[in-house]
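# Analysis of the macromolecular model
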Amino acid sequence: QVQLVESGGGLVQAGGSLRVSCAASGRTFSSYSMGWFRQAPGKEREFVAAIRWNDRSTYYADSVKGRFSISRDNAKNTVYLQMNSLRPEDTGVYYCAAALYRSHPLSTSRGYDYWGQGTQVTVSS
């Protein structure tokens, strides 16, 4: 069983930056590919970014490429999402998710084993 706790959300002006974190419980964090998803009001949850468990390959949604960066610190059981040049359309609840030994695909919510409760990110115009 893995528990995921997101933090770092908040209110930021358009063009600003924010880093959200996801801390995982358990001793096998390095065996999990980690993903970030978001859900805006009235919209379906969508993929944002992912990092693979074995080679740390990263994947991004087209809408965030060049602005967001995902990273992980296995010693701290934590995955990060650095968000730069934020836009109002980035507003939503950001969820992290964990998939044990999963290599691909990482851009679909199906296949992730555990989910956090989410952290709110609001970008004002």
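Heads up: the structure comes first, above all this text.
These figures come from a predicted structure and were not determined experimentally.

### Considering the overall build of the protein
Helices and strands together make up the secondary structure of the protein, namely zero helices and 11 strands. From first element to last, N terminus to C terminus, the protein shows the α and β order β-β-β-β-β-β-β-β-β-β-β. Taking 125 residues into account, the globule formula puts the C-alpha radius of gyration at 14 Å, and the protein, at 13 Å, falls close to it. Over its C-alpha atoms, taken along the principal directions, the protein stretches across nearly 40 × 25 × 25 Å. Residues counted as buried form 42% of the 125 residues belonging to the protein. For the protein, the distance from the average site of its 14 positive side-chain charges to the average site of its 9 negative ones is 4 Å.

### A word on the nonpolar core
Counting residues in hydrophobic clusters, the biggest one holds 34 residues, and the most contacted among them are M34, W36, L81 and M83. Among the elements of the structure, strand 3 (18-24), strand 4 (32-39), strand 5 (46-51), strand 7 (68-73), strand 8 (78-83), strand 9 (92-100) and strand 11 (119-124) are those that each provide at least two residues to this core.

### With respect to the sheet that holds strand 8
Read from one edge of the open sheet, four strands run 1-3-8-7, paired in antiparallel fashion. Unpaired on one side and paired on the other, strand 1 (4-7) and strand 7 mark the two borders of the sheet. Neighbour-to-neighbour, the strand axes of the sheet open up by a mean angle of 15°, direction not taken into account. For strand 1 and strand 3, the ladder comprises four bridges, and the chain directions are antiparallel. What sits directly across from E6, in strand 3, is C22.

### Observations regarding the state of the cysteines
Under the criterion given, the structure shown has one disulfide. With its sulfur 1.9 Å from that of its partner, C22 forms a disulfide with C96. Across the S-S bond linking C22 and C96, the dihedral sits near 45°, which makes this disulfide right-handed. Pair noted here: C22 is in strand 3 and C96 is in strand 9, with a separation of 74 residues, a long-range link. For C96, a relative accessible area of 0% translates into the label buried.

Reading the values: rules and limits
Residues numbered from 1 in each chain as written. Predicted model: local features only at pLDDT ≥ 70, side-chain atom pairs only at ≥ 80, totals over all residues. Heavy atoms only, no water. Helix = DSSP H or I, 4+ residues; strand = E, 2+ residues; numbered from the N terminus. Rg over C-alpha atoms; globule rule 2.2 N^0.38 Å. Buried < 20%, exposed > 50% of the residue type's maximum accessible area, 1.4 Å probe, protein only. Lys, Arg positive; Asp, Glu negative; His and termini not counted. Charge placed at Lys NZ, Arg CZ, Asp CG, Glu CD. Core = buried A, V, L, I, M, F, W, Y, C linked by side-chain atoms within 4.5 Å. Pairing = 2+ DSSP bridges. Axes fitted to C-alpha atoms, helices over the stretch in contact; angles between N-to-C directions. Disulfide = S-S within 2.5 Å.

So yeah, pure geometry; function would need other evidence.
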